[in-house]
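Take a look at the letters that make up each chain.
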Amino acid sequence: MQRGIVAASAAAALLALSSCAGDGVALEDQSRSLTVWVDDDRQEPVTRAVEQFTADTGVEVEIVLRNYEEIRNDFISQVPTGEGPDITVGANDWLGELALNGVISPIEPGEMTEEMEPVSLEAFTYEGQIWAVPYAIENLALIRNTEMTDVTPETWDEAVEVGEELDADYPILLQMDTEGDPYNMYPMQTSFGAEVFERTEDGSYEPQMAMGGEPGAEFAEWLQTQGEAGVLDTTVTFDIAQEAFANGESPYLISGPWALPEVEHLDVAVEPIPRPGDQEAVPFVGAQGFYISSQTESPLLATELVTDYLASHEAQVSMFEAGGRTPALLSAAEVAAEDPRMDGFAQVGAEGLPMPGIPEMAIVFDYWGVAHAQIVDGRSQDPAVTWEQTVDTIQSQLDD
Amino acid sequence: MTERSPTTEGTAVRQTAGTSHAGYGRGFWVKLAVMAVINAVGVMIILSAAQAQSWGILAGMAVLLVAADWVYFSRRALPLKYILPGFAFLLVYQVFVVLYTAGIAFTNYGTGHIGSQQDAADQLVAQNEQRVEGSESYPVAVVLPEGEDGGLLGEEELGFAVVVDSDVLVGTAEQPLRPAEGAEVDGDQVTSVPGYQVLDREEVLDRQTEIAELRVPFGEDEAEGALLTQDGRTAHVYEQTLVYDEEAETLTHVEDGTVYSPTEEGLFAAEDGTELAVGWRVFVGFDNFVTGIADTQTAGPFFEVLAWTFVFALASVVLTYLVGMFLAIAFQHERLRGRRIYRVLVILPYAFPGFLSALLFAGMLNERFGFINEVLLGGASIPWLTDPWLAKLSVILVNTWLGFPYMFLVCMGALQSIPKDTLEAASIDGAGALRRWWSVTLPMLMVPTAPLLIATFAFNFNNFNLVYMLTGGGPRMEGVEAPVGHTDILITMVFKISGLASGQATDYGLAAAMSLVIFLIVTVIAVISFRRTRSLEEIN
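Residues numbered from 1 in each chain as written. Chains lettered and ligands numbered in written order. Predicted model: local features only at pLDDT ≥ 70, side-chain atom pairs only at ≥ 80, totals over all residues.

**Looking at the domain arrangement of chain A**
Residues and elements named next belong to chain A. The assigned domain composition of chain A is domain 1 (31-138 + 285-354) and domain 2 (139-283 + 358-399). Between domain 1 and domain 2, the C-alpha centre-to-centre distance is 28 Å. Taken residue by residue, the interface counts 21 residues in domain 1 and 19 residues in domain 2. Elements with a contribution of two residues or more to the side of domain 1 that touches domain 2: helix 4 (95-100), strand 6 (132-139), strand 13 (284-292) and helix 14 (340-350). Per-element accounting of the side of domain 1 that touches domain 2 gives the leading share, six residues, to helix 14. For the side of domain 1 that touches domain 2, the class distribution of residues is seven nonpolar, seven polar and seven charged. (Domains from an automatic or database assignment. Contact = placed C-beta atoms within 7 Å. Helix = DSSP H or I, 4+ residues; strand = E, 2+ residues; numbered from the N terminus. Nonpolar A, V, L, I, M, F, W, Y, C, P; charged D, E, K, R; others polar.)

Take a look at the structure:
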């Protein structure tokens, strides 16, 4: 009987081995293929750009469709294990965290410095190096329903006045949330001179709060008055603001190019954001680009694909057509600017401040909007004090 | 019986096989086939584990596989034949997960501490390599020095050949650039160098990892920088600002000579305390547990959240149970018409995915635009989700809505097992409806349902979906440094303070430590409750 066991096990093992012989354990030649992570919007244009690359070089490129929200964390956790892609799309505000985790490599921009919108390269600069090839920039602007009014407001109060004269449901729409929406509120804040971080001479951000002090206090007071007047409201979220504007319930909406598909049926103009304070209302400019993994097995090919193909005029134009964001490549941006609305966004963006890419930015976001919401909701006794406390809390977190 | 036909002999043999070699029947071959598949899968896992160099998984899988083969081919392991599959899944899906989490809980795994020390050093060196300002870019040829025997074994150091001021320079990692005699040039591109083979594009791509890491010093002096290429076509001059000493495991700053040594926190730090950004994973003992529970920043909210988690889980169990039981008893009433329709309607909330219902409720409870305020309450503006107490109430009520159909189903089944004569006897004794419920129905229902109540408690203790989708943990606690809200339960709080929610610097170590704490709490509660339910069984 013992022999029976041995024989049976041997047979089982043999079967086992033969059945997995086909899988093969030989290492694939990974240096001749590339994997690129893209999201929905980028899938088609990237596929097109890549076909050209494959035709020219004979290198197969696998395009993997990912959820945009998941890319950041998955890229960070998978690259160190060798499972990550060679290239991924990403936003510039991930930059600091990706670099801190050592999962991306700097890119030598070469001639790109002259061909790309400067603010897009600035957005991808960290510790003196450029870390991604930008393909699009996006920012807020004022979207005006030209059927409702001809007035381009210079100041916030002017806009509110126009809206009230029209007896619109909302004089002007600026989305918030119960926990605030600091990205959308930022132009208001900058018009009071309360920028989020200190900046060095070359324009890069430092983890030092700059939104406190007198400008911050003025901004906080303004938030309170607007909350009391009902012009700002934390229940007016993205969806509600978009829908109200699309239904003609307000002449003005402060939003980005992502709002345009919803208002195709309206005749709109895109103009600078009206300022509530004394200075210009300057929005953040976010950039999207392609990052190269620091652990890629094909560094030369990945660089070639990103710098020569994805940064090409054709690729950037087709990404614009698919995603509706201003291309980072200047020649492609000219094509986009044929649409006056896109030109409007680009004009405002050219004056904008790059969205901070330093890792500390995420900490700021944890507290920032909540303070906005608290003041607008009237839950704060003294807005200036609430604001200063928030700034202190963030600063102490940054110093940890 | 001396005359035996071949047939009877065959039968006899088969019979012996059937008794003493129980395995050789048809069942045996089915078993062999199944075990072959299991072995195939196991061997495949072992091979891929070997390829990925995960020795732990390899060893675990090998042990499991050998155990499975022994158990199913030995006749002495009958009880194990039944236990092994369950035991194997328990090991893989429970024990391994808990141990893995525990392993992470004692490290600083998180943003800035992802890889190994070597990775961190490599990355720091690479990140601090800067292109020399205003330097030119050179079309580069990748070259391979020809060996003495003229052979190209690929063992030699690769090098670069470039044209600088119309001179051809060639060099390798060891050998700084120096003029090469008799080289041929096409424009700016070197096409051949005596003593070297110029690699074509295919060969370059074959060795691209090596080439991307290759730095060819410009001169003997380190300060002159080195040539690097990112695409294999163009090279630029770079300067290193940090140099790694592999033996001493230190990084040295080239210009000011500062030495950064590895610290216990998994970072390179100079003597004056300046730290370099990229770190690596190290063992940190109980630090994460201390941070999570006793740190001044999170301690206040931690205990508040812990208390609320208990209240939430307990209230959810009690309310869903009471509502479900009430409906089950009511629908049992024979005089009620259309019971079937009611039953189907009542089960409906259970049929929708929980997170969807939670999202719907979040919309309906909106202060200004929500259905409940706008329509049901005639335009009231009740801050259902933004006032701390109302938000807590909303969370519990919505969870009751989501949970009662389950209790309804369970109770409906269990009610069938209560003997009618017991209830009749009680009413003959003069007990009213409430009394009968309290003294007969409830205790008898508790017997079969108590374990389910414990499971429901454990489930709600970690009911991430509901809280996250309905309130996101908000409204935010004021005057607290941690970004925690009034309706946050432990698991959503962990999600937030470890940075998983906001894309903030993530701290997997802290998240794992807190998850372990939750695991322990739930385990202790479950053990205690199961002990206590045993006393219930005496009722039967």
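Text resumes after the structure shown.
**Concerning the UniProt feature "transmembrane region" (unreviewed entry) in chain B**
All names here are of chain B. Here, UniProt's "transmembrane region" (unreviewed entry) annotation points to residues 28-49, 55-73, 82-106, 305-329, 341-365, 393-415, 436-459 and 508-530. The distance from the first to the last C-alpha atom of residues 436-459 is 31 Å, and the span holds 100% helix and 0% strand. Helix makes up 100% of residues 508-530 and strand makes up 0%, while its end C-alpha atoms are separated by 32 Å. (UniProt positions renumbered as here; feature names shortened; annotations may be inferred.)

**Focus on the domain arrangement of chain B**
By domain assignment, chain B separates into domain 1 (21-105), domain 2 (133-240) and domain 3 (292-539). Here domain 1 of chain B and domain 2 of chain B have C-alpha centroids that lie 53 Å from each other.

**Some words on the sheet that holds strand 12 (residues 242-245) of chain B**
All names here are of chain B. The four strands lie next to each other as 12-13-14-15, forming an open sheet whose pairing is antiparallel. A strand with exactly one partner marks an edge of an open sheet, and here the two such strands are strand 12 and strand 15 (268-269). Taken together, the two bridges between strand 13 (residues 250-253) and strand 14 (residues 259-262) define a ladder with antiparallel strand orientation. Directly across from leucine 251, in strand 14, lies its bridge partner tyrosine 260. The strands that helix 5 (residues 117-127) touches are strand 12, strand 13, strand 14 and strand 15; relative to strand 12, the one it contacts most, it runs at about 155 degrees. (Pairing = 2+ DSSP bridges. Axes fitted to C-alpha atoms, helices over the stretch in contact; angles between N-to-C directions.)

**Points about the environment of glutamine 129 of chain A**
Tracing the backbone shows glutamine 129 of chain A in strand 5 (residues 129-130). Separated by 20 residues in sequence, glutamine 129 of chain A and proline 109 of chain A have C-alpha atoms that sit 9.3 Å apart.

**Structural notes on the confidence of the model for chain A**
Where the model shows low pLDDT, its predicted coordinates should not be examined in detail. Residue and element names in this part refer to chain A. When pLDDT is averaged across chain A, the result is 87; 92% of the residues are at 70 or more. Least confident of the elements in chain A is helix 1 (residues 2-20), whose mean pLDDT is 48; most confident is strand 11 (residues 252-255), at 96. Ignoring residues within four places in sequence, the model shows residues 14-30, a span with pLDDT below 50, making 15 contacts including any to other chains. (pLDDT = per-residue confidence, 0-100.)

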